[in-house]
Amino acid sequence: LSLTLDLCGDVFTEEEYDFCVAALKDKAIRLCMAWLKNTPHFLNNWNAILLCGVAVPAAVLGLKDEMEYCRKYLISNAGLLQSDGSYGEGLQYGNYFLWGFLLANDALVRAGYPSAPLDRAGKYLEYCHYNLLMNKPLEGWGAYPRPRCFNFDDCTAIFAPNADLLALLGCRLKEEMPEQAV
């Protein structure tokens, strides 16, 4: 909804636009912010998604207090990726974490804030590569080869970072980490 208002908000009547803004403030931002403030010790992929749920609409609507909060939270989340790019919850959850983290970061950058450090995000791509064992079809899933990776817990062994995340990382890292951005 935030992106729709940002990119083509003029398609709405004034009443519809106001309704959307109220929904973002009263539902998305308020609920996501309540979770984040009530679980400050709970830094993980889910909180990165909720951070995105505050940062993107706050940036689109120009809500300074919320953007300031998100900026501080974003910086504390930057360290969740280890220096080698690994993520403690596994490959798939690292993908979820990084997607929310990068969207929140981009929203704040567009609003005039400096970018959070992204060096570990580039290392995450290397971490995914190191964990890739092979590509081959899975029995009963057709002839299309699927990536097989080391993974654990409730993460599947057929994993590859999503294409949107790879494209976003490629755009953001082309200057600082050109090898990872390719």
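For the structure itself, consult the block above.
Here the structure is a predicted model, which means the values were calculated and not measured.

Trainee: Could you give an account of the overall build of the protein chain, naming the residues involved and the relevant values?
Mentor: Assigned secondary structure in the protein chain consists of eight helices and two strands. If you line up the protein chain on its principal axes, its C-alpha atoms span 55 × 35 × 35 Å. For the protein chain, with 182 residues in total, the buried portion stands at 43%. Taking contacts inside the protein chain between residues at least 6 apart in sequence as the whole, the part at least 24 apart equals 61%. Charged side chains of the protein chain number 15 positive and 22 negative; the gap between the two group centres comes to 3 Å.

Trainee: Describe the nonpolar core, with residues and values.
Mentor: General note: in soluble globular proteins, nonpolar side chains tend to be found buried as a group. The biggest cluster of nonpolar side chains holds 49 residues, and the ones touching the most others in it are F97, L98, F101, L102 and L169. Only α2 (14–38), α3 (45–61), α4 (64–77), α5 (91–110), α6 (119–131) and α7 (163–173) provide two or more residues apiece to this core. When residues of this core are assigned to their parent elements, the largest contribution, ten residues, is made by α3. Leave out the neighbours within four places in its chain, and L169 touches L98, L102, A121 and L125.

Trainee: Describe a negative patch on the surface, naming the residues involved and giving the relevant values.
Mentor: A contiguous patch of negative charge, built from E14, E15, E16 and D18, is present on the exposed surface. Along the chain, E16 turns up in helix α2. For E16, a relative accessible area of 39% translates into the label partly exposed.

Trainee: Any details on α2? Residues and values, ideally.
Mentor: Helix length check: α2, at 25 residues, gives a terminal C-alpha distance of 34 Å against a target of 36 Å (1.5 Å per residue), a fit within 8%. Approximately 30 degrees is the largest bend angle found in α2, and it occurs at L24. Taken as a whole, α2 has its buried residues at C20, V21, A23, L24, I29, C32, M33 and L36. The inward-facing, buried residues of α2 contact α1 (2–8), α3 and α4.

Trainee: Tell me what's going on with the packing of α3 against α4, and back it up with residues and numbers.
Mentor: Their axes nearest at 9 Å, the elements α3 and α4 cross at an angle of 145 degrees. As for how α3 packs across α4, the hand of that crossing is left-handed. Residues N47, A48, L51, V54, A55, A58 and A59 of α3 form the contact with α4, whose own contacting residues are E66, M67, C70, Y73, L74 and N77. Residues that form the contact of α3 with α4 fall into these classes: ten nonpolar, two polar and one charged.

Trainee: Tell me about the environment of L166, and name the residues and values.
Mentor: Following the sequence through the fold, L166 ends up in helix α7. Separated by 41 residues in the primary sequence, L166 and L125 place their C-alpha atoms 8.3 Å from one another. In this structure L166 touches L125 and P161, once residues within four positions along its chain are discounted.

Trainee: Please set out the packing of α4 against α5 residue by residue, giving values where relevant.
Mentor: Across the interface, α4 lies against α5 with an axial gap of 10 Å and an inter-helix angle of 140 degrees. It follows from the interaxial angle that α4 and α5 lie oblique. Considering only the axes of α4 and α5, their crossing is left-handed. Across the interface between the two elements, M67, C70, R71, L74 and N77 of α4 pack against F97, F101, A104, N105 and L108 of α5. Taken together, the residues that form the contact of α4 with α5 break down as seven nonpolar, two polar and one charged.

Trainee: How would you sum up the side chain of S86? Please name residues and give values.
Mentor: Its location among the elements puts S86 in the loop between α4 and α5. Looking at S86, its side chain comes within polar contact range of the side chain of D84, at 2.6 Å. Ignoring anything within four residues of it in the chain, the contact list for S86 reads L80, L81 and Y127.

Trainee: Go over the state of the cysteines, please, and point to the residues and values.
Mentor: Taken as a whole and assessed by the stated rule, the structure comprises zero disulfides. Lacking any disulfide linkage, C8 is separated from the closest cysteine sulfur, that of C20, by 10 Å. Since its relative accessible area comes to 30%, C8 is described here as partly exposed. A disulfide-free cysteine, C70 has its sulfur positioned 9.2 Å from the sulfur of C52, the nearest such atom. Overall, the relative accessible area of 0% leaves C70 in the buried class.

The rules behind the values
- Residues numbered from 1 in each chain as written.
- Predicted model: local features only at pLDDT ≥ 70, side-chain atom pairs only at ≥ 80, totals over all residues.
- Heavy atoms only, no water.
- Helix = DSSP H or I, 4+ residues; strand = E, 2+ residues; numbered from the N terminus.
- Buried < 20%, exposed > 50% of the residue type's maximum accessible area, 1.4 Å probe, protein only.
- Contact = heavy atoms within 4.5 Å.
- Lys, Arg positive; Asp, Glu negative; His and termini not counted.
- Charge placed at Lys NZ, Arg CZ, Asp CG, Glu CD.
- Core = buried A, V, L, I, M, F, W, Y, C linked by side-chain atoms within 4.5 Å.
- Patch = residues over 30% accessible without salt bridge, like charges linked within 9 Å, V, L, I, M, F, W, Y side chains within 5 Å.
- Areas by Shrake-Rupley, 256 points an atom, 1.4 Å probe, with all protein chains shown as cover.
- Salt bridge = Lys/Arg side-chain N within 4 Å of Asp/Glu carboxyl O.
- Expected span 1.5 Å × (residues − 1).
- Bend = angle between axes of the 7 residues up to and from the residue.
- Axes fitted to C-alpha atoms, helices over the stretch in contact; angles between N-to-C directions.
- Left-handed = near helix turned anticlockwise from the far one by under 90°.
- Nonpolar A, V, L, I, M, F, W, Y, C, P; charged D, E, K, R; others polar.
- Parallel < 35°, antiparallel > 145°, perpendicular 65-115°, else oblique.
- Polar contact = N/O pair within 3.5 Å; in protein donor to acceptor, adjacent residues only side chain to side chain.
- Disulfide = S-S within 2.5 Å.

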